[in-house]
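# Architecture and fold: a report
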Amino acid sequence: MTEGKEARISLWQVRWKFMLLFMLPGFALIIASFLVSPEARTDDGHPLDTFLLVMGSFFIVVDLGVVGFLSMRNRAKLDFARNALSGTAEVLEMSETGTTINDMPVVRFTLRVNDGYRPVRQVVHKQLFSYLDLRDIHVGDTLDVRVHKSKPDKLLILT
């Protein structure tokens, strides 16, 4: 990493406009469930109002579940970064695993880790990176890392 560059943690972004857009059909179905006739039935004979209410609730629950999952994941990553030991890691090897998430590659690193608390050790670590962050990391670079206090092989590379 370059000198003077502030380390940061990559977190999942919640795209609120998309989430609200995904919730709109749910709200529309719930509202429609109150507007249809109680005698209305689906093709297979189930009450239409109940079907619309269940489907609308499904949209909303899935959306809230995704937001909740991302929030908990971000909170766990921030807690890890705050409570872990600061250290450095020299990149010995790096390669893409072939897995991508949201067009971002999961990268496998072989690192020589020094946290100042335990002996220097070699660790194999996988982490998701954006291509923009990845272009600044090369074999031989020294990176800022956070190392778990009780699990020395668990770490987080700060970009």
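Below is a short write-up of the structure.

### Description of the packing of aromatic side chains
Going through the model one piece at a time under the given rule, you end up with three aromatic pairs. When the ring of Phe22 is compared with that of Phe59, the centres are 5.4 Å apart and the planes differ by 55°; the resulting orientation is tilted. Taken as a pair, Phe22 in helix α1 (residues 16-35) and Phe59 in helix α2 (residues 48-83) lie far apart in primary sequence, 37 residues in all. Judged by relative accessible area, Phe59 falls into the partly exposed class, the value being 22%. Taking the centre distance of 6.4 Å and the plane angle of 75° together, the rings of Phe58 and Phe59 count as edge-to-face.

### Structural notes on the pattern of salt bridges
This model, assessed by the stated rule, comprises five salt bridges. With a closest N to O distance of 3.4 Å, Arg82 and Asp79 form a salt bridge. Of this pair, Arg82 and Asp79 both sit in helix α2, three residues apart, which is roughly one turn of that helix. On the accessibility criterion, Arg82 (61% relative accessible area) is exposed. Arg135 serves as the salt-bridge partner of Asp136, at 3.9 Å between the closest nitrogen and oxygen. With relative accessibility at 55%, the residue Arg135 sits in the exposed group. One connected set of salt bridges, linked through shared partners, spans Asp115, Arg118 and Arg121.

### Description of the nonpolar core
Phe109, Leu111, Val113, Phe129, Leu155 and Ile157 are the most contacted members of the largest nonpolar core, which totals 15 residues. Secondary-structure elements contributing two or more residues to this core are β1 (85-101), β2 (104-114), β4 (142-147) and β5 (155-157). The element that contributes the greatest number of residues to this core is β2, accounting for four residues. Core analysis: the next-biggest nonpolar cluster, separate from the first, contains five residues, Phe80, Ala81, Ala84 and Leu158 among them.

### Concerning the pairing of β1
Looking at chain direction, β1 and β4 are connected through six bridges and run antiparallel. For Ser86, the partnering residue across the bridge sits in β4 and is Arg146. In this structure, β1 lies alongside β2, joined through ten bridges in antiparallel fashion. Each residue of the ladder has a partner; that of Met94, found in β2, is Phe109. Joining the antiparallel neighbours β1 and β2 is a turn of two residues, in which Asn102 adopts a positive phi near 55°.

### What to know about a nonpolar patch on the surface
On the surface, Leu21, Leu24, Phe27, Ile31, Phe34, Leu35 and Leu53 cluster together to form a nonpolar patch covering roughly 780 Å² of accessible area. Ranked by residues supplied to the nonpolar patch, first place goes to α1 with six residues. Relative to the assigned elements, Leu24 resides in helix α1.

### Here's the deal with the packing of α1 against α2
Two elements in contact, α1 and α2, have axes whose closest approach is 7 Å; the angle formed by their N-to-C orientations is 160°. Compared by their axis directions, α1 and α2 come out roughly antiparallel. Here α1 runs over α2; the crossing is left-handed. Here the contact of α1 with α2 is composed, by residue class, of 18 nonpolar, four polar and two charged.

Parameters at a glance
Residues numbered from 1 in each chain as written. Predicted model: local features only at pLDDT ≥ 70, side-chain atom pairs only at ≥ 80, totals over all residues. Heavy atoms only, no water. Phe/Tyr/Trp six-rings, centres within 6.5 Å; stacked < 30°, edge-to-face > 60°. Helix = DSSP H or I, 4+ residues; strand = E, 2+ residues; numbered from the N terminus. Buried < 20%, exposed > 50% of the residue type's maximum accessible area, 1.4 Å probe, protein only. Salt bridge = Lys/Arg side-chain N within 4 Å of Asp/Glu carboxyl O. Core = buried A, V, L, I, M, F, W, Y, C linked by side-chain atoms within 4.5 Å. Pairing = 2+ DSSP bridges. Patch = residues over 30% accessible without salt bridge, like charges linked within 9 Å, V, L, I, M, F, W, Y side chains within 5 Å. Areas by Shrake-Rupley, 256 points an atom, 1.4 Å probe, with all protein chains shown as cover. Axes fitted to C-alpha atoms, helices over the stretch in contact; angles between N-to-C directions. Parallel < 35°, antiparallel > 145°, perpendicular 65-115°, else oblique. Left-handed = near helix turned anticlockwise from the far one by under 90°. Nonpolar A, V, L, I, M, F, W, Y, C, P; charged D, E, K, R; others polar.

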